Amino acid sequence: MVPAFSHGYELSKGRKFGILRAHNSLRELFKSDALVGVVNARHLPMLVPPRPWLTFNSGGYLSQDEPCMRIKDNAEQLRYLKKASNDDRLYTLLAGLDSLGLTKWSINRPIFDAVRKVWNSGKEIAKIPARTFDRPEPVKPEDYETNDKARIKYGMEMQEWNNNRASQHSERCDCNYKVEIARAFLNYPMYFPHNMDFRGRAYPIPPHFNHLGNDLCRGLLVFHEGRPLGERGMYWLKIHLANLFGKDKLSHDERLAFVDSNLGNIMASADNPVPDSLVDGSTDAAQPWWLEAEDAWQALAACVELTEAVRSPDPAEYVSRLHIHQDGTCNGLQHYAAMGRDTKGAFEVNLMPSDRPQDVYAGVLSGVIRLIDEDAKQGVQEAVALRDKLTRKIVKQTVMTNVYG
């Protein structure tokens, strides 16, 4: 039996470093597609503050250089970025990336315990995939060899079944990776080095687990350093919880009323988020209230935070560590409306006072549908074909990306 690793020393720039060398067989294994995507330390959060960004390609991880802007084989973008860096025109931008990278995060222990209980149960709960794929395999028809239609239908059913099974396995592996990262950092503060895309939007470099990830990632993370809620903190905590239940199109007063009317459900969710009856296979078990949310794990985190604040002697003095996300309404159109002093456009993207949030994408959709209906009445075949086909999702992508240039 040969050791997988051996210890040795190397000299670099006059200094002696201890190193671990992997056996050749192990190095070949690491090169396989199955492992190369996950066994990579630069894809993880950092235990120490990131390196300050000094130039376009010097910052972030301690030993891994990469550009401050995400570039996909675009030599022209790289030239512009390098030129701007050499002319010292990236100072403010890089300082912003440094500020984001210095934010210290921790694992939300109550949420982690709930996630671990669901994961170990093997049940599909709150978008955590089940351990096994229990959908029955399609039955091969008896006339498979002689009936072309039956053979084609069976082939399509098998393809769909295999795709769904592979998709669940992939989702389970991805979820497992996120949970294991959270477990590894359970008792440690962590940092996320940041870079940006071509639009100037900043993102954490670790792709698998960060505060801009999916609902599970966001629910598992809290700020390491808390702040007192203050007079308005409870207000925004309630708004945040209502938003997670899909109430973001209501007025603020209606959202506050929704949370206040469900305070009993909120506390019950915080006190016992994953009852044994939920994971032991009981068919008549009542689901906890927090599972009704569109973003269930973030909702549970908000339930726990709100419950602890309400039960504290002074909610305004309660030290909260929960991160509350707020999003603009099509930021590109907001800039255009502001620069053009466009009152109507500003109203549609929520730059003007309103009783409740406006939806610019739904507004554009209604205008497009009206034009399609007018053309359809004139007998335009393309308009007739498009009737009842457009959705908000289709319009959103076009409207949102149109202002990127």
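Up top is the structure these notes are about.
Residues numbered from 1 in each chain as written. Predicted model: local features only at pLDDT ≥ 70, side-chain atom pairs only at ≥ 80, totals over all residues. Heavy atoms only, no water.

(A) Looking closely at the overall build of the protein chain. From N to C terminus, the protein chain includes 17 helices and ten strands. Its C-alpha atoms give the protein chain principal-axis dimensions of roughly 80 × 70 × 60 Å. Partitioning the intrachain contacts of the protein chain with sequence separation of at least 6 by distance along the chain shows that 60% fall at a separation of at least 24. Of the charged side chains in the protein chain, 51 are positive and 52 negative, and the gap between their average positions amounts to 6 Å. (Helix = DSSP H or I, 4+ residues; strand = E, 2+ residues; numbered from the N terminus. Contact = heavy atoms within 4.5 Å. Lys, Arg positive; Asp, Glu negative; His and termini not counted. Charge placed at Lys NZ, Arg CZ, Asp CG, Glu CD.)

(B) Summary view of the pattern of salt bridges. Summed over the entire model, instances satisfying the criterion amount to 20 salt bridges. Between D148 and R151 there is a salt bridge whose closest N-O contact spans 2.4 Å. You can see D148 and its partner R151 sitting in helix α6 (residues 148-184), three residues apart, about one turn around the helix. On the basis of relative accessible area, R151 is assigned to the partly exposed category, the value being 28%. D271 is the partner of R311 in a salt bridge, and the nearest nitrogen-oxygen pair spans 2.9 Å. Of the two residues, R311 sits in helix α12 (residues 296-311) while D271 sits in helix α10 (residues 263-271), which places them 40 residues apart along the sequence. (Salt bridge = Lys/Arg side-chain N within 4 Å of Asp/Glu carboxyl O. Buried < 20%, exposed > 50% of the residue type's maximum accessible area, 1.4 Å probe, protein only.)

(C) Structural context of the packing of aromatic side chains. Scanning all chains against the criterion turns up nine aromatic pairs. Directly above the aromatic system of W119 lies the positively charged group of R172, at a separation of 3.5 Å from the ring centroid. (Phe/Tyr/Trp six-rings, centres within 6.5 Å; stacked < 30°, edge-to-face > 60°. Lys NZ or Arg CZ within 6 Å of the ring centre and 35° of its normal.)

(D) Representation of the environment of L90 in the model. Structurally, L90 can be placed in the loop between α3 (75-86) and α4 (91-101). L90 gets classed as buried once you look at its relative accessible area, which sits at 9%. As a C-alpha pair, L90 and W53 span 37 residues in sequence and 9.6 Å in three-dimensional space. With near-sequence residues (within four places) excluded, L90 lies in contact with F56, C68, L81, A84 and S85.

(E) View of the packing of helix α8 (residues 230-244) against helix α9 (residues 252-261). Interaxial distance between α8 and α9 falls to 9 Å at its minimum, and their mutual angle equals 85°. Compared by their axis directions, α8 and α9 come out roughly perpendicular. The residues of α9 that touch α8, namely those facing Y235, W236, K238, I239, L241, A242 and N243, are H252, R255, L256, F258, V259 and D260. Across the contact of α8 with α9, the residue classes tally to eight nonpolar, two polar and three charged. (Axes fitted to C-alpha atoms, helices over the stretch in contact; angles between N-to-C directions. Parallel < 35°, antiparallel > 145°, perpendicular 65-115°, else oblique. Nonpolar A, V, L, I, M, F, W, Y, C, P; charged D, E, K, R; others polar.)

(F) Examining the nonpolar core more closely. Judged by nonpolar contacts, the single largest core of 56 residues is most densely connected at I107, F209, L241 and W297. Top element by residues in this core is α12. It accounts for ten residues. With sequence-adjacent residues up to four places away left out, W297 is seen in contact with I111, A114, V115, V118, I125, A126, I128, D215, L216, G219 and W290. Grouped together as the second largest cluster of nonpolar side chains are 14 residues, Y61, C68, L97 and M196 included. (Core = buried A, V, L, I, M, F, W, Y, C linked by side-chain atoms within 4.5 Å.)

(G) Local environment of the environment of R199. By secondary structure assignment, the location of R199 is in the loop between β6 (194-196) and β7 (202-204). For R199, a relative accessible area of 31% translates into the label partly exposed. Counting along the chain gives 96 residues from R199 to T103, while the straight-line C-alpha distance between them is 22 Å. For R199, the side chain forms a polar contact with the side chain of D197, separated by 2.7 Å. Separated by 2.9 Å, the side chains of R199 and Y203 make a polar contact. (Polar contact = N/O pair within 3.5 Å; in protein donor to acceptor, adjacent residues only side chain to side chain.)

(H) Region of the structure containing helix α5 (residues 109-121). Between its terminal C-alpha atoms α5 stretches 18 Å, which fits the 18 Å expected from 13 residues at 1.5 Å a residue. The secondary structure elements touched by the buried residues of α5 are β5 (105-107), α6, α7 (215-220), α11 (276-279) and α12. (Expected span 1.5 Å × (residues − 1).)

(I) View of the side chain of S85. Position of S85 among the secondary structure elements: in helix α3. S85 gets classed as buried once you look at its relative accessible area, which sits at 14%. Excluding its chain neighbours within four sequence positions, the residues that come into contact with S85 are T55, F56 and L90.

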